[in-house]
Amino acid sequence: MIVAKGLSKRFVGPKGSTIDAVVDVSFEARPGKVLGILGANGAGKTTLLRVLSTVIRPTSGAATVAGHDIATEPAKVRSSIGFLSGSTSLYGRLTSRECLAYFGRLNGMSGQAMAQRMDFVIERLSLAPFLDQLCDRLSTGQKQRVNIARAILHDPPVLFLDEPTAGLDVLSSQAVMEFIEESRDQGKTVVFSTHIMTEAERLCDEVGVIHQGAIVARGTVSELRSTSPSLEHAFLGLVGYVRGAVQS
């Protein structure tokens, strides 16, 4: 469902300086599997997911998502994906119900079909207690549950999840991880970025370690930690960590 070939993204500053945020990234992600993008803050995880979701264009390379080219068919890509992050904003002056209805209409939903799907996500994510509260007045965990509902309302086959548990308490984080597991079991293609090793170990069928914009290793969790006492030790070795510093 996702095929990336040689994706790169270079940002150019006002004085001509450049930052290579994504460097020659290639991978495939399959239905019914969770591909984890594991990396430290600033490694390129968010930029990679933004390129794949057509928020920004790649400098070079190509990718298809659900069979649609990210460069030539961005609208079709967007209709095929749900995007969730730890910092996705909601419209504060809308209620949770109004927010869901708004995003449903943006995705071409209407009438009875949208009403039935809204009823489903409201019940599944237990939104009823705060469904008619303004989004500005929701807790962080409640906002993330509304964000999950927004991301899956149109039942997309592909999910991009960019550190979706960031800032959440343990109960809210648990709900997000259960949602990811259910999405995998439903046959969806899930790309999940994180820097939390326990999340990767629990959720990911395959992991790609990203460092300075490049994928430096890929494999199952078991494969990556086969010569290390833990995934964390394996990760630190792959990114060149030494005590007190990260090697360039």
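Right above here is the structure, for reference.
Here the structure is a predicted model, which is why all the values come from computation and not from measurement.

We now examine the environment of Ala 62. Structurally, the position occupied by Ala 62 is in strand E4 (residues 60-65). Given the relative accessible area of 36%, Ala 62 is considered partly exposed. Separated by 155 residues in sequence, Ala 62 and Ala 217 have C-alpha atoms that sit 20 Å apart.

This brings us to empty space enclosed by the protein. Scanning all chains against the criterion turns up one cavity of 30 Å³ or more. In this structure, the largest cavity encloses a volume near 50 Å³. Around the largest cavity, the lining residues are Glu 28, Ala 29, Arg 30, Lys 33, Val 34, Leu 35, Asp 205 and Glu 206. Elements that contribute at least two residues to the lining of the largest cavity include exactly strand E2 (18-29) and strand E3 (34-38). Residues belonging to the lining of the largest cavity are distributed by class as follows: three nonpolar, no polar and five charged.

This part is about the sheet that holds strand E10 (residues 214-219). Sheet architecture is open: six strands sit in the order E6-E7-E8-E3-E9-E10, paired in mixed fashion. Only two strands of the sheet have a single neighbouring strand rather than two, namely strand E6 (81-85) and E10. Taken pair by pair, the neighbouring strands of this sheet meet at an average axis angle of 15°, ignoring direction. Where E6 meets strand E7 (residues 158-162), five bridges bridge the pair, whose relative direction is parallel. Residue pairing in the sheet places Gly 82 in a bridge with Leu 159 of E7.

Before going further, it helps to examine the packing of helix H3 (residues 96-106) against helix H5 (residues 140-152). When two helices pack together, you describe them by how their axes are tilted relative to each other and by the distance separating the axes. The contact between H3 and H5 brings their axes to 9 Å, and the two run at 25°. Taken as axis vectors, H3 and H5 run roughly parallel relative to one another. The chirality of how H3 crosses H5 is right-handed. Between H3, through Ser 96, Leu 100 and Phe 103, and H5, the contact on the second element is made entirely by Val 146, Ala 149 and Arg 150. Among the residues forming the contact of H3 with H5, the class breakdown is four nonpolar, one polar and one charged.

Procedures and definitions
Residues numbered from 1 in each chain as written. Predicted model: local features only at pLDDT ≥ 70, side-chain atom pairs only at ≥ 80, totals over all residues. Heavy atoms only, no water. Helix = DSSP H or I, 4+ residues; strand = E, 2+ residues; numbered from the N terminus. Buried < 20%, exposed > 50% of the residue type's maximum accessible area, 1.4 Å probe, protein only. 1 Å grid on protein atoms, 1.4 Å probe; cavity = no way out; pocket = protein on both sides within 12 Å on 5 of 7 lines; lining within 4 Å. Points joined across faces, edges and corners; volume = space filled by probe spheres on them. Nonpolar A, V, L, I, M, F, W, Y, C, P; charged D, E, K, R; others polar. Pairing = 2+ DSSP bridges. Axes fitted to C-alpha atoms, helices over the stretch in contact; angles between N-to-C directions. Parallel < 35°, antiparallel > 145°, perpendicular 65-115°, else oblique. Left-handed = near helix turned anticlockwise from the far one by under 90°. Contact = heavy atoms within 4.5 Å.

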